[in-house]
Amino acid sequence: MPEHTAASRLRLSGLCFLLQTLIILLFAVLARYSPGGSPSPCPPQLNCSHRSQDSAFQQPRFQDAHVQVLLSFGLLLALLSRSGPGSVAISILVTAFAIQWAVLIQGFFYFFLNGKISVGAQSMVSADFCTAAVLISSGAVLGRVSPVQMLLLVLLEVPLCTLHEFILLSLMGVRDSGRSLTVHTFGAYFGLMVSRVLYQPHKDRRKREEQRDKGHQTDVFAVVGTIYLWIFWPSFTSSTTAHHDGENWAVLNTYFSLVASTVATFILSPLLYEESTPRMVQIQDATLAGTAVMGMAGEMLVTPFGALIAGFLVGLICPLGFRFFTPVLHSRLKIQDTCGVHNTHGLPGVLGALLGTLLTLLATADTYGYRLELVFPLVAQGSRTVPEQALLQLGALPLTLLLAALGGCLTGAVLKIRVPRCSPDTQYKENAAFREVPEEGSEPSANGKEELGISTLV
Amino acid sequence: MPEHTAASRLRLSGLCFLLQTLIILLFAVLARYSPGGSPSPCPPQLNCSHRSQDSAFQQPRFQDAHVQVLLSFGLLLALLSRSGPGSVAISILVTAFAIQWAVLIQGFFYFFLNGKISVGAQSMVSADFCTAAVLISSGAVLGRVSPVQMLLLVLLEVPLCTLHEFILLSLMGVRDSGRSLTVHTFGAYFGLMVSRVLYQPHKDRRKREEQRDKGHQTDVFAVVGTIYLWIFWPSFTSSTTAHHDGENWAVLNTYFSLVASTVATFILSPLLYEESTPRMVQIQDATLAGTAVMGMAGEMLVTPFGALIAGFLVGLICPLGFRFFTPVLHSRLKIQDTCGVHNTHGLPGVLGALLGTLLTLLATADTYGYRLELVFPLVAQGSRTVPEQALLQLGALPLTLLLAALGGCLTGAVLKIRVPRCSPDTQYKENAAFREVPEEGSEPSANGKEELGISTLV
Amino acid sequence: MPEHTAASRLRLSGLCFLLQTLIILLFAVLARYSPGGSPSPCPPQLNCSHRSQDSAFQQPRFQDAHVQVLLSFGLLLALLSRSGPGSVAISILVTAFAIQWAVLIQGFFYFFLNGKISVGAQSMVSADFCTAAVLISSGAVLGRVSPVQMLLLVLLEVPLCTLHEFILLSLMGVRDSGRSLTVHTFGAYFGLMVSRVLYQPHKDRRKREEQRDKGHQTDVFAVVGTIYLWIFWPSFTSSTTAHHDGENWAVLNTYFSLVASTVATFILSPLLYEESTPRMVQIQDATLAGTAVMGMAGEMLVTPFGALIAGFLVGLICPLGFRFFTPVLHSRLKIQDTCGVHNTHGLPGVLGALLGTLLTLLATADTYGYRLELVFPLVAQGSRTVPEQALLQLGALPLTLLLAALGGCLTGAVLKIRVPRCSPDTQYKENAAFREVPEEGSEPSANGKEELGISTLV
């Protein structure tokens, strides 16, 4: 079916051209640089503290902006180690589109002044948060949808994600500096729901075969990805908190959490699998889970041992999820989860939100001191009591799950309608042709082991 | 011919020893650390704004310096993904020599006080710019010249490059913060001219074979290189602009440009090649081209959609260049271009210079506000009109091409005289021995495809 | 012996659980965040200058903290390129444990107030220094001890390393900003001593075979590791020196040193081995050696050519050590050195300490100016003369060697007692099973060459 293949290629090419032209037109009509002289208004979702609006405190913001846009790339590397270089091009296309689209959409919600969107460093940071959520969602369906479908997913998820973020952070005043809810939980359950709607039983077998072919590069990507996450994620988690001491806490909490979560992997791995040390992808998953759980609670008074305990527990739950829950998800609920985003982002995000609620409930002016104004400005100003804030934090969780599920259903339905007899079949063959050739004659025993590992892992 | 081989090895070893000893002696006689107490004088090629000389603004400069020296390594990674690990050692040798040599040579031009060169963070930054130009030039001839010839190339190009930079930035007062002209255009055309002079028809076939052997590592390097460029290049482009808001614009413009250029690759790749998604090296090339085009214009008022359009166009031109122009370059003009520097640095640099000229012409005090003093200090001070500045910006382009061509001819001639029956033959065999062994028995169909791709790509 | 294997796996799992629970309990009882309002007291081992306690100078400290914790990961990458991905999981486990353990132990020495350890950004930085020393030690025995033994090594080395650091920096007032002595020299000789005590002749042959199997990934890790070290290490070396100009010197000295050391590798490699260009691991070793030698002297008045000469010499000594000294070490002294830490950390550290002593002796108020107070505060305050300071710097070297040797003996003895018929045998087989399958049918000539290279390298 070469005509079909050619048509599918041209369809992607044409859609890219169309969307990029549309985005350029929208930018030409709507977007302007934010005026340099006056500081741009602090958008609520960036949780700017009052102090950060002094000019003396402006500088770290821009510095952070450079660092912060890295978030998506950390996730990208993490995805690559699970899905192989075959889908790397798609992931980069997703990133490139999502950033532009998110700058536009988020501009409407947060930076809309006099009929123009003002674009600045903060737009890029907000857009990157949104892109991270999209990448997590794409991790659930990677390798099972065509590039065209992936673009549609981006097109639909970015507005839904921005709407969700706007409701939570701006309307409800929920604190979520490290984005346990708006990035990790929303992204994961959105993707899982899309995966459920697009469920195709026969795809699974082929994916497993594909997985086996990755060989050499997987470990390299996992090592580079893990080190990248260790280095940059703690400062990412803390970068929306403008004050230095608050930053300090968030960095430390995230470090402690991911350290403990890494050790936990070494405890469970020998019990769950017949290996003495965990594979690199398992360590990377633990790192991701350990940071996701500190998303909401990171800037609060977790205390070092609290962060260690949280990281330790989530580090135990994550491999258990891969071993026992993912197969159930697949066989009972018919949800395939290519990169295991439920275990690395979904569950840890939910646990992080619960932990954040608990810590909000325990917040007092005594223990937080001057920090209270930074972490819970509404409480410090007296317009809200601590239990009210905790209730809102708790209420944000079911709301997130609901919106993610609804959004995922809707998006999945659109993807299903749009490209009914979709191209992944031909897609797959083309991809395989220019990917690395699998080494056919590799050791049978290793293959057997590998297969066993994958049947439980994926 | 083992004697020849041994002699060739010893020649490299001896030359390295000689040059390093010479450099140490020159440093001993000439170089001193810049006195710490008084701030070092602001060299014109760093485009220091007036504000940056306050002590409060000194700090970001040093921070930037750390980041900025990364530029060469980004290019290094980009080279590796095209040329394979066989030439990585040579590239690192080039970097190590070029940095020392450039600190000395640039010291004579910019930091010469009382018979001594004062060395500081700014020297390292300037030297790194020069090293980047040398690395781009080396990309055009990589794999076709011996290490000894490569060292001679460094020895000759560094002074020429510094001279060119001095004429443009200090004497003519041209604005080129992201170095469209002095790094990208000069480096590319210099390297192409050297390649032209050293043209040897029979070398081409062997290089193509060598290219085929790379296999596994290429993709890994391309992925790591692309992510590295996305992360660090935008802040690099902006780092010579000391003011924060100016920095802001340059960062945003570069981001938008490389995002649009990446998407453009996805549009053209399916049309030019029979693949549904581009390879990683193509995406990396688009990233490089997208940043090169924003070199001069980055700090000016491009506006978001202007940056998107520029990146989009250059992202379309770069693959077209690889597909149609590189073969013409080779067959008609007898210029071989190992890493395709003409498409990723040369053409985008020229386009970036034209775009910069256009934007200079459009600059008014109204649209730039207080920024005018930062971007065009001479215009703001009244010593030059806007059309004059634009004329100089435009005139810098043919001057750059002329100097690069002359310098490349001269260098190529010297390389040709110096080592007439040069060692790459033996070089190649030795390299092959300790590189990874190619997998001979790999699938014929994949090989066929690969060959097809390369015959068009290289 | 599957029961033995299962028991060995469970032993690691159980030990991890036990230690992690213990650490959590200790943190719960002892550790608190340092109070945000008042600046935490400056610990002597961080060499805080007086100026750094002004609030204006606080900010760079936190920025540096983020960067500084990267040190361990640079070493990690360097280890990986020598030891292959089989031991990457163990290295990460070592890092995760050592950081937590070092925060606790160092808290007792430096941050103990009112029965509580105050944890902050400085704790993480100090802990990372200690982790780096542990990683260097582990490099000497990597692949020859079981994971359980490795954990015991961490457990014992962290307190000894902290004690050593406390004696040198706090009690004796030795200046060692880049940690030539407390990280490089101590770590290397500690590890070598452990290796000596655990000497088992028959292990060597197998390790050599294992080494040969690494193939593809080694070069990738070495390239990524080298570039990582070039980028981040210079700013690491300078990060404990709070003042900007002092920072400046340390950065420049380290850059010059590693540049010259890299070139030196290109000079010796063709003479020592029959290769025209060095391998990537050799370049990486030179980079490590070039930074280690600038550890103590970096912040002093080395002058550019002094740094070039020091780097050049150490770049010549390091490959000579691999070629001639490591075999002697092995055959005569029965010390195996898996990753060659003696040549890359031990010797350069010792040379760095001698250079630092020499430069201390040459320090005068004239040449240092206001810097004297920053580099040698006790001398500037008049409570110590320059010769006294130099004598203490010199005396620190034999003390370091003595403490490292004693500590290494003790630790080695404990490891030997603890797991007498230790599990590396079974360990090795398991590891091999899930590592990449070696390509058995690779070219014999390449293998022969490889073997030759390794027998001299390792």
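Residues numbered from 1 in each chain as written. Chains lettered and ligands numbered in written order. Predicted model: local features only at pLDDT ≥ 70, side-chain atom pairs only at ≥ 80, totals over all residues. Heavy atoms only, no water.

With an unreviewed UniProt entry as reference, chain A is termed Rh family B glycoprotein, source organism Taeniopygia guttata. The record held by UniProt for chain A lists under Sequence similarities (unreviewed entry) the comment "Belongs to the ammonium transporter (TC 2.A.49) family. Rh subfamily." Database annotation for chain A, UniProt heading Subcellular location (unreviewed entry): "Cell membrane". (UniProt positions renumbered as here; feature names shortened; annotations may be inferred.)

Peer 1: Is there a simple way to think about the overall build of chain A in this case?
Peer 2: Helix and strand counts for chain A come out as 19 helices and 3 strands. Burial status across chain A gives 67% buried among its 458 residues. The contacts in chain A between residues at least 6 apart in sequence include a share of 84% that link residues at least 24 apart. Of the roughly 14,500 Å² of accessible surface on chain A, a fraction of 67% belongs to carbon and sulfur atoms. (Helix = DSSP H or I, 4+ residues; strand = E, 2+ residues; numbered from the N terminus. Buried < 20%, exposed > 50% of the residue type's maximum accessible area, 1.4 Å probe, protein only. Contact = heavy atoms within 4.5 Å. Areas by Shrake-Rupley, 256 points an atom, 1.4 Å probe, with all protein chains shown as cover.)

Peer 1: Whenever I open this one, the pairing of strand β3 (residues 116–119) of chain C confuses me. Can you help?
Peer 2: Successive side chains on a regular strand alternate, one facing one side of the sheet and the next facing the other. Residue and element names in this part refer to chain C. Pairing between strand β1 (residues 31–33) and β3: 3 bridges, direction parallel. Following the sheet pairing, R32 is matched in β3 by S118. Examined bridge by bridge, strand β2 (residues 112–113) and β3 share 2 bridges and lie antiparallel to one another. The residue of β3 that forms the bridge with F112 is I117. Once β2 ends, the chain turns through 2 residues before running back antiparallel as β3, passing N114 with a positive phi of about 55°. (Pairing = 2+ DSSP bridges.)

Peer 1: What exactly am I supposed to notice about the pattern of salt bridges here?
Peer 2: Side-chain pairing between opposite charges can occur once the charged atoms of the two side chains come close. All names here are of chain A. Overall, the coordinates contain 6 salt bridges over all chains when judged by the stated rule. Ionic pairing is found between E165 and R179, a salt bridge with its closest N-O pair at 3.2 Å. Within this pair, whereas E165 is found in helix α6 (residues 147–171), its partner R179 is found in the loop between α6 and α7 (180–197), the two being separated by 14 residues in sequence. Its relative accessible area of 1% is what places R179 among the buried residues. (Salt bridge = Lys/Arg side-chain N within 4 Å of Asp/Glu carboxyl O.)

Peer 1: What is the right way to look at the sheet that holds strand β1 (residues 31–33) of chain A in this model?
Peer 2: Sheets are built from strands paired through backbone hydrogen bonds, the pairs being either parallel or antiparallel. Here 3 strands make up an open sheet; going across it, the order is β1-β3-β2 (chain A) and the pairing mixed. Single-partner strands in this sheet number two, and they are β1 and β2 (112–113) of chain A.

Peer 1: I keep staring at a nonpolar patch on the surface and nothing clicks. Help me out?
Peer 2: On the surface, L358, L361 and L362 of chain A cluster together into a nonpolar patch covering about 300 Å² of accessible area. Mapped onto the elements, L361 of chain A comes out in helix α13 (residues 341–362). (Patch = residues over 30% accessible without salt bridge, like charges linked within 9 Å, V, L, I, M, F, W, Y side chains within 5 Å.)

Peer 1: I would appreciate a short explanation of helix α5 (residues 121–141) of chain A in the present structure.
Peer 2: Side chains three or four residues apart in an α-helix point the same way, a direct result of the helix having 3.6 residues per turn. For α5 of chain A, spanning 21 residues, the distance from its first C-alpha to its last is 31 Å, which sits close to the expected 30 Å at 1.5 Å a residue. Note on α5 of chain A: the residue one or two positions beyond its end, G143 of chain A, has a positive phi of about 85°. (Expected span 1.5 Å × (residues − 1).)

Peer 1: Would you mind going over the sheet that holds β1 of chain C with me for this structure?
Peer 2: Residue and element names in this part refer to chain C. The strand order β1-β3-β2 describes an open sheet built from 3 strands, whose pairing is mixed. Edge positions in the sheet fall to β1 and β2, since each has one partner strand and no second. Sheet contacts for helix α4 (residues 88–110): β2 and β3; angle to β3, the most-contacted strand, approximately 110°. (Axes fitted to C-alpha atoms, helices over the stretch in contact; angles between N-to-C directions.)

Peer 1: Looking at this structure, I do not really get the confidence of the model for chain A. What am I missing?
Peer 2: Low-pLDDT portions of the prediction should not be read for the details of their coordinates. All names here are of chain A. For chain A, mean pLDDT is 76; residues scoring 70 or higher make up 73% of the total. In this model, residues 37–64 is a region of pLDDT below 50 whose contacts with residues beyond four sequence positions or in other chains number 53 contacts. Every residue in residues 420–458 scores below 50 in pLDDT, and together they form 71 contacts with partners more than four places removed in sequence or on other chains. (pLDDT = per-residue confidence, 0-100.)

Peer 1: Looking at this structure, I do not really get the environment of Y273 of chain B. What am I missing?
Peer 2: By the secondary structure assignment, Y273 of chain B is in the loop between α10 (244–272) and α11 (280–292). Through-space distance from the C-alpha of Y273 of chain B to that of R323 of chain B is 8.9 Å; in sequence the pair is 50 residues apart.

Peer 1: Explain the packing of aromatic side chains to me, please; I cannot follow it from the model alone.
Peer 2: Any pair of aromatic rings gets described here by the distance separating the centres and the angle formed by the planes. Residue and element names in this part refer to chain A. Enumeration over the complete set of coordinates arrives at 24 aromatic pairs over all chains. Ring centres of F108 and F112 lie 5.4 Å apart, and the angle between their planes is 35°; this geometry places the pair in the tilted category. Both rings, one in Y368 and one in F376, keep their centres 6.0 Å apart while their planes meet at 55°; by these two values the pair is tilted. For the pair shown, Y368 and F376 are each scored as buried. Three or more aromatic residues joined by ring pairs make a cluster, and in this case those are F109, Y110, F111 and F166. Lying across the ring of F129, R179 places its NZ or CZ 3.8 Å from the centre. (Phe/Tyr/Trp six-rings, centres within 6.5 Å; stacked < 30°, edge-to-face > 60°. Lys NZ or Arg CZ within 6 Å of the ring centre and 35° of its normal.)

Peer 1: Sorry, what's going on with unusual backbone geometry here?
Peer 2: Backbone phi values are negative for most residues with the exception of glycine, while trans is the configuration of most peptide bonds. Phi is positive for R179 of chain B, which is not a glycine, with a value near 65°. Of note, T303 of chain C is a non-glycine position whose phi angle comes to about 65°, a positive value. One can find T303 of chain C in the loop between α11 (280–292) and α12 (304–331).

Peer 1: What is the right way to look at the packing of α4 of chain C against helix α5 (residues 121–141) of chain C in this model?
Peer 2: Relative orientation and spacing of two packed helices are given, respectively, by the angle between their axes and the distance between those axes. Residues and elements named next belong to chain C. Their axes nearest at 8 Å, the elements α4 and α5 cross at an angle of 130°. Here α4 lies oblique to α5, going by the angle between them. With respect to the hand of their crossing, α4 and α5 are arranged in right-handed fashion. Taking contact as the criterion, the partners of S91, V94, T95, A98, I99, A102, V103 and Q106 in α4 are, on α5, S123, M124, S126, A127, C130, T131, V134 and L135. Along the lines of polarity and charge, the residues of the contact of α4 with α5 split into 10 nonpolar, 6 polar and no charged. (Parallel < 35°, antiparallel > 145°, perpendicular 65-115°, else oblique. Left-handed = near helix turned anticlockwise from the far one by under 90°. Nonpolar A, V, L, I, M, F, W, Y, C, P; charged D, E, K, R; others polar.)

Peer 1: Would you explain the state of the cysteines in this entry?
Peer 2: Inspection of the entire model under this criterion finds 0 disulfides over all chains. As a non-bridged cysteine, C161 of chain B has C130 of chain B as the owner of its nearest cysteine sulfur, 3.7 Å distant. (Disulfide = S-S within 2.5 Å.)

Peer 1: I keep staring at the environment of L374 of chain A and nothing clicks. Help me out?
Peer 2: Residue and element names in this part refer to chain A. For L374, the location among the structural elements is in helix α15 (residues 371–375). Overall, the relative accessible area of 12% leaves L374 in the buried class. In this structure the C-alpha to C-alpha distance between L374 and T21, which are 353 residues apart in sequence, comes to 42 Å.

Peer 1: Got a minute to help me understand the environment of C409 of chain B in this structure?
Peer 2: Relative to the helices and strands, C409 of chain B is located in helix α17 (residues 386–418). With 213 residues separating them in the primary sequence, C409 of chain B and R196 of chain B have C-alpha atoms 8.2 Å apart.

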